[in-house]
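Observations on the three-dimensional arrangement
Listed here are the chains, written in short residue letters.
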Amino acid sequence: MALLLLAACRSPQRDPRTVVFLIDSSPANLDPRLGTDGQSEHIDELIFDGLVARDASFHFTPALAQSWVQPDARTLVFHLREGIRFHDGRPLTSRDVVWTINSMRNGTVISPKAATYAAIDSLEAPDARTVTFHLKHADNFLLTNLSTGAMGILPQGSGRDFWRHPVGTGPFRFVSQQIDQDVVLERNPTSWGQSPKLDRVRFTVVPDSITQSLELEKGSGDVAVNSLPMDSLRVLAQRPHLEIDASPGTQIQYVAFNMRDPLLQDPRVRQAISCAIDRDLIIKSLMDGYARPAQSMLPATHWAFTSNVPRFDYDPARAGRLLDASGHPAGSGGIRFHVTMKTSTDEGTRLLAAVLQQQLARVGIALDLRSYEFATFYADITRGAFQMYSLRWIGGNEQPDIFSYAFSTALFSPKGANRGHYSNPTLDSLLDDAAKDPDQSRRRADYAQAQQILAADLPAINLWYRDTVIVHNKRLTHIVPTPSGSYSFLESAEVTP
């Protein structure tokens, strides 16, 4: 009986060559034309390559394209590397590039990323290794939207069911996916770049962050990134077989509003909500200091960032005055009105929502919380079925085209990520000018004004930049956190016996 009890307590045996990566939700779609949630984009970045890549300073470097030239503002010519093959053995050619982009433009797939390629007039493939983009007008963000992480190149003919067995050219190749259970990738031995040292990675879906911590403690999980409760980090750091690597990050936590909602249409209500949120206290208590307050969607080190914007920092008295002025006096029990916030079942998001509920109650706002499994939650916010929600921008906010993607009138979801249907003609004009103007100083001025408009109107509240925190078993070495919290460190990681 004692032996049976001991056996029952042991974790099931697993292949020591397989790295178990704990994630809090299943990727929504591993077709890079369709997946826009964080898990989809992070895992897609391992399976697929873009025409170009971006280094740590956000400068462009060669990827599938070994070089590119721009003979004029409306023409961009890419020269592909020779000898690259997809994971199924098919050679990569210029026709695959043309198919990937056109399949979004012509409706073969209904992609939320399609609008980011609206400047393209036509594409040509004069030979197997050359792709020419003809533009309707200059587009300063086309390279960004063709880079690894933003878009991956697919084989010609890939249709709507491609997500079931995605095939790319990246350092890892797809093996299997069980929705809400796991995604399995293995090393691509024919990678055109440096082949990973890891044989296999299993992304195991563990929605509960406390369970993730326990999996790491008992050794049945190897690594987790930005998904553990901050108060568990000090405990995990004391475990002899675990290590924590952290560095400043660019992931930004935000709260967004539905601008079609009669209550939230008034900017004074949104400003009051911002004044009711004590960011510093949340960072200290909930984030254990692993974050920095955010004033803009852009990282503070970005060339287009400005701190010269209207501020609605923590000030409950000011929140009360704004609510009074907007016609919402305190009623019975001090409550001014109810508003609903939707969240996923992710533990960190639920904790944040609970704290926001307490803080908003102090100024008379009753925040009603509704928690859903991630796929349901994400589908709701994509179709605009919400009053408030909170998510993180992961990587996409490292370039200023994020302002158009999230707030342009032309990019209401599902065409883009303007899920709250915010519309401001002045902002639209500024962003259009900045996207076409080759002069960086004028573009910087446009973006500064755009950030000032968004900081005053507050279609979304920027809360903080989250540090990248990787907790991993010490059998994993060569771990290098990235500012965006991507999983690209798996390309250099190694497993020691």
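Quick summary incoming for the structure in this document. Here the structure is a predicted model, which means the values were calculated and not measured.

Cut-offs applied
- Residues numbered from 1 in each chain as written.
- Predicted model: local features only at pLDDT ≥ 70, side-chain atom pairs only at ≥ 80, totals over all residues.
- Heavy atoms only, no water.
- Helix = DSSP H or I, 4+ residues; strand = E, 2+ residues; numbered from the N terminus.
- Rg over C-alpha atoms; globule rule 2.2 N^0.38 Å.
- Buried < 20%, exposed > 50% of the residue type's maximum accessible area, 1.4 Å probe, protein only.
- Contact = heavy atoms within 4.5 Å.
- Areas by Shrake-Rupley, 256 points an atom, 1.4 Å probe, with all protein chains shown as cover.
- Lys, Arg positive; Asp, Glu negative; His and termini not counted.
- Charge placed at Lys NZ, Arg CZ, Asp CG, Glu CD.
- Polar contact = N/O pair within 3.5 Å; in protein donor to acceptor, adjacent residues only side chain to side chain.
- Expected span 1.5 Å × (residues − 1).
- Phe/Tyr/Trp six-rings, centres within 6.5 Å; stacked < 30°, edge-to-face > 60°.
- Pairing = 2+ DSSP bridges.
- Axes fitted to C-alpha atoms, helices over the stretch in contact; angles between N-to-C directions.

Details of the overall build of the protein
The helix and strand inventory of the protein stands at 14 helices and 19 strands. For the protein, the C-alpha radius of gyration of 23 Å lies close to 23 Å, the compact-globule estimate for 497 residues. Dimensions along the principal axes, computed over C-alpha positions, put the protein at roughly 75 × 70 × 35 Å. Of all 497 residues assigned to the protein, the portion counted as buried reaches 56%. The contacts in the protein between residues at least 6 apart in sequence include a share of 69% that link residues at least 24 apart. Put simply, the protein shows about 20600 Å² of open surface, and 52% of that area lies on carbon and sulfur atoms. A distance of 2 Å separates the average location of the 49 positive side-chain charges in the protein from that of its 54 negative side-chain charges.

A closer look at the environment of L185
Along the chain, L185 falls in strand β9 (residues 182-187). In this structure the C-alpha to C-alpha distance between L185 and V175, which are 10 residues apart in sequence, comes to 5.2 Å. Discounting chain neighbours no more than four positions away, the residues touching L185 are I43, L46, I47, F172, R173, F174, V175, R200, V201 and F203.

Observations regarding the side chain of H302
If you trace the backbone, H302 turns up in the loop between β13 (291-293) and α9 (316-325). There is a polar contact of 3.0 Å between the side chain of H302 and the backbone nitrogen of A304. Of the polar contacts made by the side chain of H302, one reaches the backbone oxygen of E398; its length is 3.2 Å. Not counting chain neighbours up to four residues away, the residues in contact with H302 comprise F58, E398, Q399 and P400.

Here we look at helix α14 (residues 440-457)
Structural remark: α-helix, 3.6 residues per turn; residues separated by three or four positions point the same way. Relative to the 26 Å expected for 18 residues at 1.5 Å per residue, α14 spans 25 Å between its end C-alpha atoms, a close match to the ideal helical length. Of all the residues in α14, the buried ones are R443, D446, Y447, A448, A450, Q451, I453, L454 and A455. Along its buried surface, α14 packs onto α12 (402-407) and α13 (425-436). After α14 finishes, the residue L458 shows a positive phi value of roughly 55°.

Examining the packing of aromatic side chains
Tallied over the entire structure, the rule returns 18 aromatic pairs. Arranged with centres 5.9 Å apart and planes meeting at 75°, the rings of Y254 and Y389 form a pair that is edge-to-face. One end of the pair, Y254, is in strand β12 (residues 242-257); the other, Y389, is in strand β16 (residues 388-393), and 135 residues separate them in sequence. Exposure class is identical for Y254 and Y389. Each is buried. With centroids separated by 4.9 Å and ring planes inclined at 90°, the aromatic side chains of F386 and Y389 adopt a geometry described as edge-to-face. Taken as a pair, F386 and Y389 share a single burial class, namely buried. The structure contains a cluster of three or more aromatic residues connected by ring pairs, namely Y254, F374, F377, Y378, F386, Y389, W393 and Y405.

Here's the deal with the side chain of S296
Residue position: S296 is located in the loop between β13 and α9. A polar atom in the side chain of S296 sits 3.2 Å from the backbone nitrogen of L298. Once residues lying within four places of it in the same chain are set aside, the contact partners of S296 are I252, F305, F403, Q451, N462 and Y465.

Considering the pairing of strand β6 (residues 120-127)
Side-chain positions along a regular strand alternate between the two faces of the sheet. Both β6 and strand β7 (residues 130-135) contribute to a ladder of 5 bridges, which runs antiparallel. When the bridges of β7 are listed, D127 appears paired with T130. Counting the residues in the hairpin turn of β6 and β7 gives 2 residues.

Points about the sheet that holds β7
Read from one edge of the open sheet, 4 strands run β4-β5-β7-β6, paired in antiparallel fashion. Looking at which strands have only one partner, the edges of the open sheet turn out to be β4 (65-72) and β6. Within this sheet the neighbouring strands show an average axis-to-axis angle of 20°, counted without direction. Along the sheet, helix α3 (residues 94-105) makes contact with β5 (75-80), β6 and β7, crossing β6 at roughly 160°.

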